[in-house]
Amino acid sequence: MKVYDGSSQTEQTQDADPERIKVGIAEYEVTTSGSVLTTSGLGSCIGVALHDPETGVAGLVHVMLPSADEMDDGNPAKFADTGTELLVDEMEAAGASLRRIEAKIAGGSDMLDFSESGSGIGVRNVEQVRETLDSYGIPIVGEDVGGDHGRSLRLESQSGDLVVKSANQDDTRL
Amino acid sequence: MKVDVQSLGTFNQLAHEGAEQATQSMSQMTGIDAAVDVTKISLVDRADIGEELGDDEFVGVQFSFEGALSGETVLVFDQASSDKIVNALMPGAADDPSMARSSVEEIGNIMMSGFIDGWADYLEAAIEHTPPEYIERSGASVLPDAPEASENDQIFVFRSEVEWLDESVSFYIYMLPEYDPLAELMADHADAGDDAIPIEKLEVFNQMTRSGTEKAAENVEMMAGIQTEAEVSQISFAPIEDVPKQVGNDTYVGTVVEFTGTPSGFLLVLFDETSAVTVAEALMPMEVAGEGLTAQHKSAIEELGNIMTSGFVDGWANVLQQSVDHSPPRLVHDMGRAIVDPLAAQLGQHQRHAFIIDSKMKTDEVEFESEIYALPNEAELREALDELLVERADETEADADQIF
């Protein structure tokens with residue numbers, strides 16, 4: 001959970017592939033240096049990718065549960081509501097402008113949901129992310145949510161493209 | 001000895017912070033940016049410790065430590081990782097055996113000092129350690145001898161795995177504390193004791209898991225003619241967000257059920273794709289048309305998963321003297337972590353940490369390996385263990401063969 005700026009890759013040569021930064025479950029990363037942010041194995045979890053096209057600031061959070069209100073837990077990045085808020089704050093702190101930030105979201109699958117009543121966690125995660133983004137007025141410009149399969153994500157921060165991979169389907173580029 | 005969930009959580013956090021410190025030391029020295037991937041506390045059979053290291057060659061350092069905690073600890077790198085680290089310290093050093101060795105010693109020493117100091121700071125107590133001893137061995141033999149565990153053959157192991165971004169290198173820290181000082185410390189850090197679990201009961205659970213796996217392995221042999229070996233079973237404790245990381249990121253095929261009763265939870269039987277094809281074809285009466293994993297393969301896996309699940313769940317029900325029902329199996333074929341993620345999330349609505357009961361069987365004859373995971377509701381598992389009489393546990397231990 002660091003903010004990566006240009007100085008963190010001083011040892012990299014200019015023409016090298018962009019640095020890859022892994023984002024774990026209940027973690028987030030923000031980059032200002034064109035890095036590629038990746039996260040893997042999203043089932044009902046959801047990946048929220050934010051991008052400011054003008055400054056190139058980009059961030060990715062991998063949240064697990066809908067709302068921090070439901071639990072006493074110290075890690076905001078674990079929840080759809082507080083995780084999204086945290087990412088927006090960190091994006092702004094890194095120089096992004098709320099007016100320009102665009103969101104792409106993926107995950108929130110219904111796979112292996114055994115809950116008998118009400119909506120599953122995947123669905124609630126998606127709803128919560130939409131609601132929180134909406135409260136900031138951040139538009140969702142691409143999404144691949146729901147279904148019954150897992151996903152891995154790759155956010156190319158230079159272009160803002162979000163590549164969604166799954167085990168049994170071709171890649172999708174959002 | 002009793003352990004409670006809060007002290008397990010605290011100790012897990014400690015091990016995690018120790019591993020973070022060690023990783024930071026390494027990053028500072030080498031410029032390699034790494035992150036701690038998994039930290040867990042497991043209760044493992046002495047004989048099974050280090051099973052996950054396979055036959056690979058490892059180098060690293062070993063220490064004894066003494067004080068608030070006593071025991072042995074090692075930090076090991078696989079060969080490729082050590083070359084990479086050594087070269088990052090001093091370009092070209094990996095080609096010179098004596099330079100490679102002293103670099104591993106140096107970095108191992110610094111990392112492990114960070115690890116141990118992290119524990120001592122938290123415990124506000126002194127932990128002394130011996131100078132590092134360089135080790136170079138293969139597989140589980142790289143680990144120190146497990147401490148004598150007076151009445152039992154199961155010991156606590158703290159494990160951390162650290163990964164680099166390109167996923168090509170990693171190291172492991174194993175810490176094998178002696179039983180009595182650990183028990184004392186855990187008791188000191190225990191809460192009022194409401195949710196304490198006598199350690200003997202966790203051990204019984206491990207034994208039952210082992211018996212269940214053996215039964216499942218027999219079923220595999222009976223149905224598919226594949227004789228398996230090296231069943232390993234352990235019970236681990238980790239933060240809920242680390243649960244999906246217990247499973248690799250490769251694609252798996254298998255079945256998942258929800259079981260109900262006390263405890264409730266989820267049970268997974270997983271095969272890697274190659275194993276799934278091997279075992280499914282062994283089950284099927286005739287050759288299948290088509291490449292890879294067909295619908296027929298999947299339906300054979302579903303049947304086998306169901307039978308393996310039943311053996312397991314029946315075993316638990318017998319020990320716990322509770323009825324344990326389970327849902328029909330759901331067939332899964334997906335990325336390992338994505339399979340576990342929704343299950344962890346469902347548990348995570350009510351708990352911050354989870355017990356992970358896992359078991360593995362494999363065979364060298366053909367490409368076959370299967371993993372069984374149980375993810376019980378934590379509070380209900382405690383309740384079930386609470387009601388499990390140790391006398392009864394003794395009985396069931398002797399009766400294990402009849403039960404399954």
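Anything mentioned here points back to the structure above.
Residues numbered from 1 in each chain as written. Chains lettered and ligands numbered in written order. Predicted model: local features only at pLDDT ≥ 70, side-chain atom pairs only at ≥ 80, totals over all residues.

A. Representation of the overall build of chain B. Scanning chain B from terminus to terminus reveals 10 helices and 16 strands. Counting the 404 residues in chain B, one finds 51% classified as buried. (Helix = DSSP H or I, 4+ residues; strand = E, 2+ residues; numbered from the N terminus. Buried ≥ 20, exposed ≤ 12 C-beta atoms within 10 Å, placed from the backbone.)

B. Examining the overall build of chain A more closely. Of the regular secondary structure elements, chain A holds 2 helices and 11 strands. When its helices and strands are written in sequence order, chain A yields β-β-β-β-β-β-α-β-α-β-β-β-β. Relative to its 174 residues, chain A shows a buried fraction of 51%. A fraction of 65% describes how many contacts in chain A between residues 6 or more apart in sequence connect residues 24 or more apart. (Contact = placed C-beta atoms within 7 Å.)

C. View of the pairing of strand E15 (residues 353-363) of chain B. Of all 11 residues in E15(B), 10 are buried; the element is thus mostly enclosed. With antiparallel pairing between neighbouring strands as the criterion, E15(B) and strand E16 (residues 368-376) of chain B make up a hairpin whose turn holds 4 residues. (Pairing = 2+ DSSP bridges.)

D. Representation of helix H9 (residues 378-387) of chain B within the structure. Within H9(B), the full set of buried residues consists of Glu378(B), Leu381(B), Arg382(B), Ala384(B) and Leu385(B). Along the axis of H9(B), the buried positions cluster into a sector of 165°, meaning they face one direction only. (Arc of directions from axis to C-beta.)

E. Focus on the sheet that holds strand E4 (residues 36-42) of chain A. Residues and elements named next belong to chain A. Across the sheet, which stays open at both edges, the 5 strands sit in the order E2-E4-E9-E10-E11 with mixed pairing between neighbours. What marks the edges here is a single partner per strand, and that holds for strand E2 (20-22) and strand E11 (172-173). Relative to E4, E2 runs parallel, the two being bridged by 3 bridges. Each residue of the ladder has a partner; that of Ile21, found in E4, is Leu37.

F. Structural context of the interface of chain A and chain B. Across the boundary between the two partners, chain A contributes 30 residues, which contact 27 residues of chain B. Across the side of chain A that touches chain B, the residue classes tally to 12 nonpolar, 10 polar and 8 charged. (Nonpolar A, V, L, I, M, F, W, Y, C, P; charged D, E, K, R; others polar.)

G. Representation of the environment of Val256(B) within the structure. With respect to the helices and strands, the residue Val256(B) is situated in strand E11 (residues 251-260). Val256(B) has contacts with Leu112(A), Phe266(B), Leu268(B), Pro329(B), Arg330(B) and Val332(B), leaving out every residue within four places of it along the chain.

H. Quick peek at the packing of helix H2 (residues 79-89) of chain B against helix H3 (residues 97-123) of chain B. Residue and element names in this part refer to chain B. Between H2 and H3, whose axes approach to 10 Å, the crossing angle comes to 90°. When the axis of H2 is compared with that of H3, the two are roughly perpendicular. The segment H2 lies against H3, with Ser82, Ile85, Val86 and Leu89 engaging Ala100, Ser103, Val104 and Ile107. Looking at side-chain class alone, the contact of H2 with H3 contains 6 nonpolar, 2 polar and no charged residues. (Axes fitted to C-alpha atoms, helices over the stretch in contact; angles between N-to-C directions. Parallel < 35°, antiparallel > 145°, perpendicular 65-115°, else oblique.)

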